[in-house]
Amino acid sequence: MDMWCLKQLSAWTVVSLLCVSSHKVTVKETDLNLCEKDDKVCVTDFRDCNPRPSTSILQTLNISCYYQMSNRSVTCEWGQSDGPTESDASLIFSSDDTVISCKGIFIPVAKLKVTAKVKDYTLGREIWSQPHNVFLYDIMKPSQPVLTLLGSTEDSVTVSWNGPRNCQLRYRVNNTHTWTQAPDLISAHSRQNYTIKDLLPFTVYRASVACKEDYGILSDWSSDITVRTLERAPSRRPEVCYRVEKTDSGERPQLRLMWKDLDLSEAGGRILGYQVSYKPVKEWPLQDRTLIQNVTEVTALLVVEEGNCNVTVKAFNEAGYGPATCLKIDTHRQNTLPSVRNLWVSSSVKDLLVQWEIPAVPPVSHYDVQWRPETRPSTCCWTRVDGFNTSAVIKDVDPDVSYMISVFPVVKQQCGSPQSLAASLQQGALMEVVRLKVVDTTKMTVTVAWAWQRKTAPIRVNRYALMLRKDAETQTLLLWPDQWQHTFLHLEPNTEYSLHLLADNVSRNIIPVRTHFDEIPVVAAVTPLLLLAVTVLIISILSRTVYKSYFFPRISSPRGSTTGQWLMYQHHERARERSILDIEDFQVTDGLRVKSVIMVGPNSQPSTEEDLHEDTPVLSLSHLIIKLDLDYVSDSQPDTEQHPDSLQSFHPNYTVKGCYPDDTVFTSEENREANYQTHGVNG
């Protein structure tokens, strides 16, 4: 890169002071003097007429010169590689022919030799260049032309200038550094007009021109002029996405629309706003219910009716309206798209890097990344990222401005909820982790929780992380603003761990934590002993039972049988005589004083062999049932020979037939005895 030096101009030469790596010297014809001892040399300083001293340095310099006939001057420039020095330079002109007067040597047909002389005061040396041959006709350079503006349209600009007939025009968008030149030299008369076409509408351009004659070299570029093209109607429809937001209170749903600002080449000028129209679709519309509103931002919120509706969005400027984007929306058939996860912003020297993770939704068409200054939320910028990418770079951000950055997933024309994060170029993401604590511990897990808040100190942190450490064993978790809790798994019971909060791998907080005691090893050790004790107990009980059954057989106890209980009864003396049945005892006297015979017999037959058990009593008077038969008046004895064993073999249920119409049932021995005593008294 060329470095320019501070130059001091005099009437006859230009002396370069504090010169750096390049020299430029302009000599006018009126400043030249003819040397007294050499009539072929013209100099601006008579000291240059002396021969080159032997102590000077002769170098071949890359000298280029041009001749301006308007002010009859020659300008030469060259560069050096010695670096910045304090020096001055002069030019020496010589001719092969004798010069009568130096005042007339600068003519187009003159052929001269130019020698540059540089005196370096810093290094204390003098440098002479090799003679440089010039033909003034070939290096003739016209004066700098003057460019003026005639008019402009939405895509063209017309300019004019005075000068030679062959000119070169260049132009560029303002605040850029790349020039666009006309393809060929423009040939015209002394007054030239030219129209620059295919420009962007409503755009500021800078233009300049340089000219030359049919011979010589191109002039210096003219001073830049600034011109703005006119506006035209937007040429592209906005890219709109929507989201239906329903409430639990049963109110009408809300339709949120979002779109990206049109590019400068598509906007056609300064966008004044966007026209949004909403029309519900009815089968038999009674009237036009179209709602139209103009908004200046890139979002709109509409309260709509349930069902189908048509929505259009179009941009407009001073030149008119652009094409509209049409949406057909059914509020009943909408899927809620989740937002992106793990959004984070890190900063570099000039850029912001935005990263996120893909949400669990159908394949995302693309992501819209939006950023706006927090102090000027109306100023919004967008960029689109393909669906398979999970990062975006925001370039040329202001280092003194903090931005609110949002990321929207878009599936077709439906967009999900945004995930937002504040960031700046100096500090990166403007969020920090605070209030880290342990909320729960078990034998093999540790659950921790934390909170996020706006940064309080101007510290740049590109990544936060949690690390659970035990000696060389570690578990690391990267932290994101949409997370507040985590559980570390597969830990060792009854073990001391340390929980570290890391900011760019530097520990900022350490919390000790211990897992709970594990009861499983204790239970595992005690269980076999308990099983062994139970087994020994069971074996001892079984062995004792078997041993007793073989060597000490069971002997029946008399107390358990009915016979034994009867024998052990102590009050049998009084009733012993009545235990023998006497037919006289069963005769009763009716109202006519006639005795009747009572027939006693079993009431039911034994059903099973169990009824014949040896423990069954021979006769139980408590179970006798006596019936009096009035038709039987015989005094004969009952026939007991037919059933000799009946009174000893069966359970008691006997029937006694007599002359009384009513049956008397004795249900116990005490009732029988009482009845017996009553009959005895009556008899």
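Residues numbered from 1 in each chain as written. Predicted model: local features only at pLDDT ≥ 70, side-chain atom pairs only at ≥ 80, totals over all residues. Heavy atoms only, no water.

S.K.: Would you take a moment to explain the overall build of the protein chain for this structure?
M.R.: Secondary structure assignment for the protein chain yields five helices and 50 strands. The 683 residues of the protein chain split such that 39% are buried. Taking all contacts inside the protein chain whose residues are at least 6 apart in sequence as the whole, residues at least 24 apart take part in 64%. Put simply, the protein chain shows about 41000 Å² of open surface, and 52% of that area lies on carbon and sulfur atoms. (Helix = DSSP H or I, 4+ residues; strand = E, 2+ residues; numbered from the N terminus. Buried < 20%, exposed > 50% of the residue type's maximum accessible area, 1.4 Å probe, protein only. Contact = heavy atoms within 4.5 Å. Areas by Shrake-Rupley, 256 points an atom, 1.4 Å probe, with all protein chains shown as cover.)

S.K.: Honestly, unusual backbone geometry in this entry has me stumped. Any pointers?
M.R.: Across residues other than glycine, the phi torsion is negative in most instances, and most of the peptide bonds are trans. Look at D471: it is not a glycine, yet its phi comes out positive at around 55°. Mapped onto the elements of the fold, D471 is located in the loop between β40 (464-470) and β41 (473-478). On the basis of relative accessible area, D471 is assigned to the exposed category, the value being 68%.

S.K.: I tried to follow the nonpolar core on my own but got confused; where do I start?
M.R.: As a rule of thumb, nonpolar side chains are buried together in soluble globular proteins. By size, the foremost hydrophobic cluster in this structure holds 45 residues, and its most contacted members are W356, I405, W450, L466 and L479. Residues contacting W450, with those up to four places away along its chain left out, are V433, V434, R435, L436, L466, L477, L479, Q483, W484, Q485 and H486. Listed in part, the 29 residues of the second largest apolar core include W259, C309, A315 and L327. (Core = buried A, V, L, I, M, F, W, Y, C linked by side-chain atoms within 4.5 Å.)

S.K.: Looking at this model, I keep getting lost on the sheet that holds β40. Mind explaining?
M.R.: A sheet is described by the order of its strands in space; here four strands give the open sequence β41-β40-β43-β44, paired in antiparallel fashion. Because the sheet does not close on itself, it has two edges, and the strands there are β41 and β44 (506-514). Pairwise comparison of adjacent strand axes, ignoring direction, gives a mean angle of 20° for this sheet. Sheet topology note: the strand β43 (residues 496-503)/β44 ladder contains eight bridges and is antiparallel. Its bridge partner being in β44, H500 is matched across the sheet by I510. (Pairing = 2+ DSSP bridges. Axes fitted to C-alpha atoms, helices over the stretch in contact; angles between N-to-C directions.)

S.K.: What should I look at first to understand the pairing of strand β19 (residues 204-212) in this one?
M.R.: Side-chain positions along a regular strand alternate between the two faces of the sheet. Of all nine residues in β19, eight are buried; the element is thus mostly enclosed. Pairing geometry for strand β15 (residues 166-173) and β19, over eight bridges, is antiparallel. Looking at β19, one finds that Q168 is bridged to A210. Note that β19 and strand β20 (residues 225-228) share four bridges and pair antiparallel. Paired with Y205 across the strands is V227, a residue of β20.

S.K.: Explain the state of the cysteines here, please?
M.R.: Covalently bonding the sulfur atom of one cysteine to the sulfur atom of another cysteine gives a disulfide. By the definition in use, this model includes four disulfides. Between C35 and C49 runs a disulfide, and the two sulfur atoms are separated by 1.9 Å. What sets the handedness of the C35 and C49 disulfide is the S-S torsion sign, and at about -85° it is left-handed. One end of the pair, C35, is in the loop between β4 (33-34) and β5 (41-43); the other, C49, is in the loop between β5 and β6 (57-59), with 14 residues separating them in the sequence. Residue class for C49 comes out partly exposed when judged on its relative accessible area of 27%. Through a disulfide, C65 is tied to C76; the S-S separation comes to 1.9 Å. (Disulfide = S-S within 2.5 Å.)

S.K.: Help me understand the pattern of salt bridges, please; the structure alone is not making it clear to me.
M.R.: Side chains bearing opposite charge may pair, as long as their charged atoms lie close to each other. Going through the model one piece at a time under the given rule, you end up with 21 salt bridges. The partner of E245 in a salt bridge is R256, and the shortest N-O contact between them spans 2.9 Å. Separated by 11 residues along the polypeptide, E245 in strand β21 (residues 240-245) and R256 in strand β22 (residues 254-259) bring together distant segments of the chain. In this structure R256 comes out as partly exposed when scored by relative accessible area, which is 26%. Here D330 ties to R333 by a salt bridge, and the two come within 3.7 Å at their closest N and O atoms. For D330, a relative accessible area of 18% gives the class buried. Assessed through its relative accessible area of 71%, R333 is described here as exposed. Among the ionic contacts, a cluster of salt bridges with common partners joins R236, E239, E266, D368 and R384. (Salt bridge = Lys/Arg side-chain N within 4 Å of Asp/Glu carboxyl O.)

S.K.: Quick question: what am I supposed to make of the sheet that holds strand β7 (residues 64-68) here?
M.R.: Sheets are built from strands that pair by backbone hydrogen bonding, the pairs being arranged parallel or antiparallel. Sheet architecture is open: three strands sit in the order β3-β8-β7, paired in antiparallel fashion. Two strands in the sheet have a free side with no partner beyond their single neighbour: β3 (22-28) and β7. Averaged over all adjacent pairs, the angle separating strand axes in this sheet is 15°, with direction ignored. Pairing analysis gives five bridges linking β7 to strand β8 (residues 73-79), with the strands arranged antiparallel. Looking at the pairing, Y67 lines up with V74 of β8.

S.K.: Would you mind going over the side chain of E305 with me for this structure?
M.R.: Considering the arrangement of structural elements, one finds E305 in the loop between β25 (299-303) and β26 (308-317). Residues contacting E305, with those up to four places away along its chain left out, are R252, Y278, P280, K282, R289 and T331.

S.K.: Sorry if this is basic, but what is going on with the side chain of T203 here?
M.R.: Residue placement: T203 occurs in the loop between β18 (191-196) and β19. A distance of 3.4 Å separates a polar atom in the side chain of T203 from the backbone oxygen of L200. (Polar contact = N/O pair within 3.5 Å; in protein donor to acceptor, adjacent residues only side chain to side chain.)

S.K.: Got a minute to help me understand the packing of aromatic side chains in this structure?
M.R.: Aromatic ring pairs are defined here through the distance separating the ring centres and the angle between the ring planes. One pass over the structure, following the stated rule, counts 11 aromatic pairs. Ring centres of F135 and Y137 lie 6.1 Å apart, and the angle between their planes is 35°; this geometry places the pair in the tilted category. On the accessibility criterion, F135 (27% relative accessible area) is partly exposed. Taking 4.3 Å as the distance between ring centres and 25° as the angle between the ring planes, the aromatic pair formed by Y137 and Y215 counts as stacked. Residue Y137 is located in the loop between β12 (132-135) and β13 (146-152), and its partner Y215 is located in the loop between β19 and β20; the two are separated by 78 residues in the primary sequence. Note on Y137: relative accessible area 32%, which makes it partly exposed. For Y215, a relative accessible area of 27% gives the class partly exposed. (Phe/Tyr/Trp six-rings, centres within 6.5 Å; stacked < 30°, edge-to-face > 60°.)

S.K.: Got a minute to help me understand the environment of L262 in this structure?
M.R.: Mapped onto the secondary structure, L262 falls in the loop between β22 and α1 (264-267). Classification of L262 by relative accessible area gives buried; the value is 13%. C-alpha of L262 to C-alpha of P238: the two residues are 24 residues apart in sequence and 6.6 Å apart in space. In this structure, L262 is in contact with P234, R236, R237, P238, A267, Y274 and A315, ignoring residues within four places of it in sequence.

S.K.: When you look at the environment of R384 in this model, what are you seeing that I'm missing?
M.R.: Mapped onto the elements of the fold, R384 is located in strand β32 (residues 381-386). Judged by relative accessible area, which is 39%, R384 ranks as partly exposed. For the pair R384 and D368, spaced 16 residues apart in sequence, the C-alpha separation works out to 4.8 Å. Beyond its immediate chain neighbours, meaning those up to four positions away, R384 contacts E239, H366, Y367 and D368. Within the structure, the side chain of R384 is placed 2.5 Å from the side chain of E239, a separation counted as a polar contact. A distance of 3.1 Å separates a polar atom in the side chain of R384 from a polar atom in the side chain of H366.

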